[in-house]
Amino acid sequence: MDVDKLKQWLELAQKVQGNDFWNSIFDGSPGQQMAGQVNEQRESRTRYNHFQPNQNAPSPQEDFPKVDIYTNNREWIVVIDLPGIRKEDVSLSMAANNLTIKGVLHSPYKDATVIRAERANGHFERTIQLPELINETRTAARFFNGVLEVRIMRNLTPERNIRID
């Protein structure tokens, strides 16, 4: 693009529209718009990053603990992140196609005053719904380095033909 032609076009547009040409296009100067967007982003981060003492970080219950679900021909593999939690503080239960994990996160410093608290603490519960019924008798769980791995054998029944009368 030719810079001289662009300058001419800008000058012509400003003469025809007046000094408010760019403001009419952007509903305010581009600088004002950008500053407004930056302020909105800053405010949204501030809302979630500044907490009063003894106040937990605002996070939806379904976000903790984080879960990945895998499947193959034989089983479901559910991987649950539980950083800083002891095996003794976690329990698993199953019903139909639901796997429920419950537990408690203990504060590591009971005698200290909280200045900022973004890490969750207290009781938690999350139910994970799988797309098929769970075989409760053929399930194994392993806890290692803050990660809980649950392996659930799939209830696969072979396809069979049905006779039509």
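Shown above is the structure to which this text applies.
All of the points below concern the structure found in this document. Every chain's residues receive numbers from 1 upward, in the order its sequence appears when written. Local features are withheld for residues below a pLDDT of 70 in this predicted model, meaning they are given only at 70 or higher, and side-chain atom pairs are given and counted only at 80 or more; totals for whole chains, interfaces and linings count all residues. Side-chain metrics rest on all non-hydrogen atoms present in the structure, leaving aside hydrogens and water.

1. Points about the overall build of the protein chain
Stage number 1. In terms of helices and strands, the protein chain carries 3 helices and 7 strands.
Stage number 2. Where helices and strands are cited, they refer to DSSP runs of H or I of at least four residues and of E of at least two residues respectively, numbered from the N terminus. Taken from N to C terminus, the helices and strands of the protein chain fall in the order α-α-α-β-β-β-β-β-β-β.
Stage number 3. Pairs of residues are marked as contacts when any of their non-hydrogen atoms sit within 4.5 Å. Sequence separation of at least 24 residues holds for 54% of the intrachain contacts in the protein chain that already meet a minimum separation of 6.
Stage number 4. Each accessible area value is a Shrake-Rupley result obtained with a 1.4 Å probe; residue values ignore everything except the protein chains displayed when judging cover. As presented, the protein chain carries roughly 13100 Å² of accessible surface, and 50% of it is formed by carbon and sulfur atoms.

2. Things to note about the side chain of Asp-89
Stage number 1. As for its placement among the helices and strands, Asp-89 is situated in the loop between β2 (75-81) and β3 (90-95).
Stage number 2. With sequence-adjacent residues up to four places away left out, Asp-89 is seen in contact with Lys-102, Gly-103, Val-104 and His-106.

3. Comments concerning the pairing of β2
Stage number 1. Think of it in three bands: residues with accessible area under 20% of the maximum for their type are buried, residues over 50% are exposed, and the middle band is partly exposed, with areas taken using a 1.4 Å probe on protein chains only. Extensive coverage of β2 is indicated by the burial of 6 of its 7 residues.
Stage number 2. Strand pairing is assigned whenever DSSP identifies at least 2 bridges connecting the two strands. As judged from the 5 bridges shared by strand β1 (residues 67-71) and β2, these two strands associate in the antiparallel manner. Each residue of the ladder has a partner; that of Val-67, found in β2, is Ile-80.
Stage number 3. Between β1 and the antiparallel strand that follows it, β2, lie 3 residues.
Stage number 4. Pairing of β2 with strand β7 (residues 147-154) involves 7 bridges; the strand directions are antiparallel. Across the sheet, the residue bridging to Asp-81 is Val-147, located in β7.

4. A short note on the sheet that holds β2
Stage number 1. Spatial ordering of the open sheet is given by β1-β2-β7-β6, a layout of 4 strands whose pairing is antiparallel. Both outer strands of the open sheet, β1 and β6 (134-144), are each paired with one neighbouring strand and no more. Direction aside, the axes of adjacent strands within the sheet are offset by 15° on average.
Stage number 2. When β6 meets β7, the two strands line up antiparallel, connected through 7 bridges. Among the inter-strand pairings, Phe-143 is bridged to a residue of β7, identified as Leu-148. Orientation is described by lines fitted to C-alpha atoms, with helices fitted over the stretch in contact, and by angles between N-to-C directions that extend from 0 to 180 degrees.

5. Some remarks on the environment of Asn-155
Stage number 1. Within the element layout of this structure, Asn-155 appears in the segment after β7.
Stage number 2. For Asn-155, a relative accessible area of 35% puts it in the partly exposed group.
Stage number 3. The spatial distance from the C-alpha of Asn-155 to the C-alpha of Glu-132 is 7.9 Å, given a sequence separation of 23 residues.
Stage number 4. The contact partners of Asn-155, leaving out residues within four places of it in the chain, are Glu-132, Leu-133, Ile-134 and Asn-135.

6. Describing the packing of aromatic side chains
Stage number 1. For this analysis, a ring pair means two rings from Phe, Tyr or Trp (six-membered ring only for Trp) whose centres lie within 6.5 Å, classed as stacked if their planes differ by under 30 degrees, edge-to-face if by over 60, and tilted for the remaining angles. Under the counting rule described, the total for this entry stands at 1 aromatic pair.
Stage number 2. For the pair Phe-64 and Phe-124, a centre-to-centre distance of 5.1 Å together with 90° between the ring planes defines the contact as edge-to-face. In this pair, Phe-64 sits in the loop between α3 (30-49) and β1 while Phe-124 sits in strand β5 (residues 122-129), placing the two residues 60 residues apart along the sequence.
Stage number 3. Relative accessible area serves as the criterion here: at 9%, Phe-124 is assigned to the buried category.

7. Concerning the sheet that holds strand β4 (residues 98-105)
One key point about sheets: their strands pair by backbone hydrogen bonds, in either a parallel or an antiparallel sense.
Stage number 1. Read across the open sheet, the 3 strands follow the order β3-β4-β5; overall the sheet is antiparallel. Of all the strands in the sheet, just β3 and β5 have a single pairing partner and so form its edges. Each strand of the sheet is rotated relative to its neighbour by a mean of 15°, with strand direction disregarded.

8. Points about a nonpolar patch on the surface
Stage number 1. Nonpolar side chains (Val, Leu, Ile, Met, Phe, Trp, Tyr) within 5 Å and like charges within 9 Å form the patches, drawn only from residues with over 30% relative accessible area and no salt bridge. We define a salt bridge as a side-chain nitrogen of Lys or Arg found within 4 Å of a carboxyl oxygen belonging to Asp or Glu. Taken together, the side chains of Leu-6, Trp-9 and Leu-10 make up a nonpolar region of the molecular surface, amounting to roughly 260 Å² of accessible area.
Stage number 2. By the element assignment, Leu-6 lies in helix α1 (residues 3-17).
Stage number 3. Among the residues examined, Leu-6 registers a relative accessible area of 37% and is labelled partly exposed.

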